Amino acid sequence: MKSLTLVAEIPPQMSRVYIRKLLKIKNYITEEIGVDVSLVVVATNEQPRLIIYNEVISLNESLTNILKAVTKELANDLGDPNFLDKAVGGAKPS
């Protein structure tokens with residue numbers, strides 16, 4: 001199983017909201033895509049963000065947009081041109 005480390009910077013006063021969102025992202029990637037995810041969370045007074053490879057993603061984005069950005073980076077790493085369509089297809093709201 002491929003592994004991935006996500007680094008999140010979140011403000012302490014909103015940690016509960018962002019931790020919940022991060023756990024949804026982690027669970028989706030692990031369960032639906034099959035990539036083992038390690039999550040590193042640090043406190044910051046800046047805007048909440050998620051760092052994957054060299055990409056910085058705002059955690060204020062919708063869950064679907066965050067997953068699209070994350071899977072885009074995974075697709076680049078895995079080299080499968082259809083990976084993005086396969087991975088995000090399950091994340092779209094019904």
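Right above here is the structure, for reference.
Summarised in this report is the structure supplied together with it.

Cut-offs used in this document
- Residues numbered from 1 in each chain as written.
- Predicted model: local features only at pLDDT ≥ 70, side-chain atom pairs only at ≥ 80, totals over all residues.
- Heavy atoms only, no water.
- Helix = DSSP H or I, 4+ residues; strand = E, 2+ residues; numbered from the N terminus.
- Buried < 20%, exposed > 50% of the residue type's maximum accessible area, 1.4 Å probe, protein only.
- Contact = heavy atoms within 4.5 Å.
- Polar contact = N/O pair within 3.5 Å; in protein donor to acceptor, adjacent residues only side chain to side chain.

### Structural notes on the overall build of the protein chain
For step 1, the next point in the chain: Scanning the protein chain for helices and strands turns up 3 helices and 4 strands.
For step 2, the next point in the chain: N-terminal to C-terminal, the α/β element order of the protein chain is β-α-β-β-β-α-α.
For step 3, the next point in the chain: A total of 94 residues make up the protein chain; the buried ones form 35% of that total.
For step 4, the next point in the chain: Pairs at least 24 apart in sequence give 63% of the contacts found in the protein chain among residues at least 6 apart.

### Focus on unusual backbone geometry
For step 1, the next point in the chain: Even without a glycine there, the phi angle at tyrosine 53 is positive, about 55 degrees.
For step 2, the next point in the chain: Structurally, tyrosine 53 can be placed in the loop between β3 (49-52) and β4 (55-58).
For step 3, the next point in the chain: Exposure remark for tyrosine 53: the relative accessible area of 38% places this residue in the partly exposed category.

### Some words on the side chain of glutamate 9
For step 1, the next point in the chain: For glutamate 9, the location among the structural elements is in strand β1 (residues 3-10).
For step 2, the next point in the chain: There is a polar contact of 2.5 Å between the side chain of glutamate 9 and the side chain of arginine 49.

### A few points about the side chain of threonine 71
For step 1, the next point in the chain: Here threonine 71 lies in helix α2 (residues 63-78).
For step 2, the next point in the chain: Within the structure, the side chain of threonine 71 is placed 2.7 Å from the backbone oxygen of leucine 67, a separation counted as a polar contact.
For step 3, the next point in the chain: From its side chain, threonine 71 meets the backbone oxygen of lysine 68 in a polar contact 3.1 Å long.

Taken by themselves, the reported measurements are silent on function.
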